Each structure stands twice: as C-alpha cells, then as structure tokens.
Amino acid sequence: MNRRRAPHAASAELLHTLGRLTAQAREGAELHHARVELAEVLQREMLPAALPVLPGLRTAARYAPARDGLDIGGDWYDGFRLPEGALAFSIGDVQGHDVEAAAFMGQVRICLRAVSAIVDDPGEVLSRANDVLLSMDARLFATCTLLRFDPDTWEMETARAGHVPAVWATADGRYGIADDEGGLPLGLLPGAGYAVTRHRLTEAGAFVLVTDGVVEGPPFPLDEGLRRVARVVREGVTAEPEELAAEVMKVADSTGHADDAAVLVIRHDAAPAEP
C-alpha cells in the first residue's frame, strides 16, 4: 500500500514545487515588465515633442525601442534654439539600459542644453558637460554628437564624444560618412577635449545622425551599417525629412539589432549667395 502512495506523494510534491516556481517566475516577469515599461515611458516623455526649424532647414527624428523589450532607456535625440538665433542638435546613447540609463539620459540632455546656452563652441560644450556629469558620480557614461547650426553663416559645427559618425549627402550626388575627429564618451575622464569640425553648407542636402542600434547588430558590423545608411541618404536626399528618417530607420531592421535606435535628419538648402 505504501508503494502505491509514494508515486502520488512524489507527484504532489513536484506539482507544488512547479507551482511555486511558476509563481516566482510570473512575479519576476511582472516586475521586469514594469521596469521596462517605466523606462520606455521615461524615454518617450523626455524626448522632445518637436524639433526646431528655420527657413531653409527642416528636421525629423525617429526612435524605436528594442525589439525584445530588454534594452530600453539609453538612446536620445534633441534639438533646441540657442541665443542669437542659432540651433543645436544632439543625439546619443547611454551605456546600460533600463530605468537608470533613461534617467541618466535625461541628465545628459539637460546638461547639454544648459551649457550650450552660455558656450558657443560645441567642443567646449562637450568638455564642460563631461566634467559636470563626472561630478555627479553617476557611474554611467554616454556617447553623443553635438551639432550647432548658425543661420547667419550657414555653417554647421559638430563635435563627437565617442559616438557613431554622421552621414551626409548633397543634391548633386555626393555623399559619405563624416570623418571628423571624435573624443572620449562623456563621463569617463576629467578634462577630456573634443575637436570641432566645421562644414559650410554650400549645396542643398542632408545631414543624418544615428545611434548604433540603427547600424550595428550581433552579426552585422558597424561599417557595413553606416555604408547602408549612406546609400539610403544618397537616394533620399531630396525627400521630405520625415520620409528620409523612416527609410534610415529601416536599416535597423536588417542589422538584427537588439538595442533601441534613434535617427535625426537635418535637411538643408544651399547657403544663400554672399553679397
């Protein structure tokens, strides 16, 4: 009789154990889902509702969360007006993911805006922002590109902190990957310097900034992703900025990326003729 009861007792114990583990797994999954949801809400709420424009310069942006929902929280884009009528744009990617990365992303954006209001040179802005972020002891770092457009000179100045190079194209068929010098990511080393590259926009065209989630995936090298984006920008250089941003974001679908992704498109006319 005892032998007949043993299997039943073992089955009951196994079912109890499975039930307990299932409940724990469900609880853990719900907690993780809540954290991911919070990170995505933080991300979207902190991204700008609109980007600034000027006569002869139009913009558009796209953001896509990670496919599996695990890597949300680090990417951003931004655009804002500066004193004296210039415009600034930034794009970047915080190391790490989840709520902490989303919160740090907000701090980086605010820091860049605050410093840009009192400092013109994009390289100096990144340098000062880097020191401010280090003073906060956040233990995170961020890559980014900061761009300043002056409507009086029709000149674009860019500085890069460990970020993916920009891609450009002009309406006359030229295109490429920007070879401007970059510096260290923000939040790594005190006193870091950042070179500035200046471009006078003599031809109508597009300047496109992306995060690595657009151009890089597990089986997909960064260089190939950038080349694909360059071809897309060349072919769509005269399209509306929203259309071009959407086409660039499609590159992310081909890379098998697991990260979130952001695209910022700046479409510009040729510089006005000098008197």
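Thresholds applied
- Residues numbered from 1 in each chain as written.
- Predicted model: local features only at pLDDT ≥ 70, side-chain atom pairs only at ≥ 80, totals over all residues.
- Heavy atoms only, no water.
- Patch = residues over 30% accessible without salt bridge, like charges linked within 9 Å, V, L, I, M, F, W, Y side chains within 5 Å.
- Areas by Shrake-Rupley, 256 points an atom, 1.4 Å probe, with all protein chains shown as cover.
- Salt bridge = Lys/Arg side-chain N within 4 Å of Asp/Glu carboxyl O.
- Helix = DSSP H or I, 4+ residues; strand = E, 2+ residues; numbered from the N terminus.
- Buried < 20%, exposed > 50% of the residue type's maximum accessible area, 1.4 Å probe, protein only.
- Core = buried A, V, L, I, M, F, W, Y, C linked by side-chain atoms within 4.5 Å.
- Polar contact = N/O pair within 3.5 Å; in protein donor to acceptor, adjacent residues only side chain to side chain.
- Contact = heavy atoms within 4.5 Å.
- Expected span 1.5 Å × (residues − 1).
- Axes fitted to C-alpha atoms, helices over the stretch in contact; angles between N-to-C directions.
- Parallel < 35°, antiparallel > 145°, perpendicular 65-115°, else oblique.
- Left-handed = near helix turned anticlockwise from the far one by under 90°.
- Phe/Tyr/Trp six-rings, centres within 6.5 Å; stacked < 30°, edge-to-face > 60°.
- Lys NZ or Arg CZ within 6 Å of the ring centre and 35° of its normal.
- Pairing = 2+ DSSP bridges.

Moving on, we get to a nonpolar patch on the surface. Judged by side-chain polarity, Leu 184, Leu 188 and Leu 189 come together as a nonpolar surface patch covering roughly 260 Å² of accessible area. Mapped onto the elements, Leu 189 comes out in the loop between β8 (182–183) and β9 (197–200).

Take the pattern of salt bridges next. Applying the stated criterion across every chain yields a total of 15 salt bridges. Of the charged contacts in the structure, one is a salt bridge between Glu 157 and Arg 148, with a shortest N-O distance of 3.9 Å. Just as Glu 157 is buried, Arg 148 falls in that class too. Asp 172 is paired through a salt bridge with Arg 174; the nearest N and O atoms lie 3.3 Å apart. On the basis of relative accessible area, Asp 172 is assigned to the partly exposed category, the value being 45%.

Of all hydrophobic cores here, the largest spans 46 residues; its most connected members are Trp 76 and Leu 126. Membership of the second largest hydrophobic core comes to 24 residues, among which are Ala 206, Val 208, Val 237 and Val 263.

This part is about the side chain of His 268. By the secondary structure assignment, His 268 is in strand β11 (residues 261–268). For His 268, the side chain forms a polar contact with the main-chain oxygen of Glu 203, separated by 3.3 Å. Once residues lying within four places of it in the same chain are set aside, the contact partners of His 268 are Gly 56, Leu 57, Leu 201, Glu 203, Ala 204, Gly 205, Ala 206 and Phe 207.

Let's shift gears to helix α3 (residues 122–135). Over its 14 residues, α3 runs 20 Å from end to end, which matches the ideal 20 Å to within 8%, given 1.5 Å per residue. Taken residue by residue, α3 has Pro 122, Gly 123, Val 125, Leu 126, Ser 127, Ala 129, Asn 130 and Leu 133 as its buried positions. Positive backbone phi, approximately 55°, marks Asp 137, located one or two places after α3.

Here we come to the packing of helix α5 (residues 222–235) against helix α6 (residues 241–255). Two elements in contact, α5 and α6, have axes separated by 10 Å at closest approach and are oriented at 155°. Relative to α6, α5 is oriented roughly antiparallel. Pair α5 / α6 crosses with right-handed handedness. On α6, the residues touching Gly 225, Arg 228, Val 229, Val 232 and Val 233 of α5 are Leu 244, Glu 247, Val 248, Val 251 and Ser 254.

Scanning the entire structure with this criterion turns up one aromatic pair. Ring geometry for Phe 149 and Trp 154: centres 5.0 Å apart, planes at 80°, overall edge-to-face. Across the pair, Trp 154 and Phe 149 agree in class, each one buried. The ring of Tyr 175 has Arg 234 lying over it, and the distance from NZ or CZ to the ring centre is 4.9 Å.

We now examine the sheet that holds β11. Strand order across the open sheet formed by five strands is β1-β11-β10-β6-β7, with antiparallel pairing between neighbours. The sheet is open, and its two borders are formed by β1 (57–64) and β7 (175–177), each paired with just one other strand. Within this sheet the neighbouring strands show an average axis-to-axis angle of 15°, counted without direction. Here strand β6 (residues 167–170) pairs with β7 via three bridges, running antiparallel. What sits directly across from Trp 168, in β7, is Gly 176. Sheet strands touched by α5: β6, β7 and β10 (205–210). Its angle to β6, the strand with the most contacts, is close to 25°. The sheet strands contacting α6 are β1, β10 and β11, and the helix crosses β1 at an angle near 35°.

Within strand β2 (residues 75–81), six of the seven residues are buried, leaving the element largely enclosed by the surrounding structure. For β2 and strand β3 (residues 87–94), the ladder comprises seven bridges, and the chain directions are antiparallel. Pairing of Gly 79 across the sheet is with Phe 89, part of β3. In this antiparallel pair of consecutive strands, β2 and β3, the connection spans five residues, and Glu 84 shows a positive phi of 70°.

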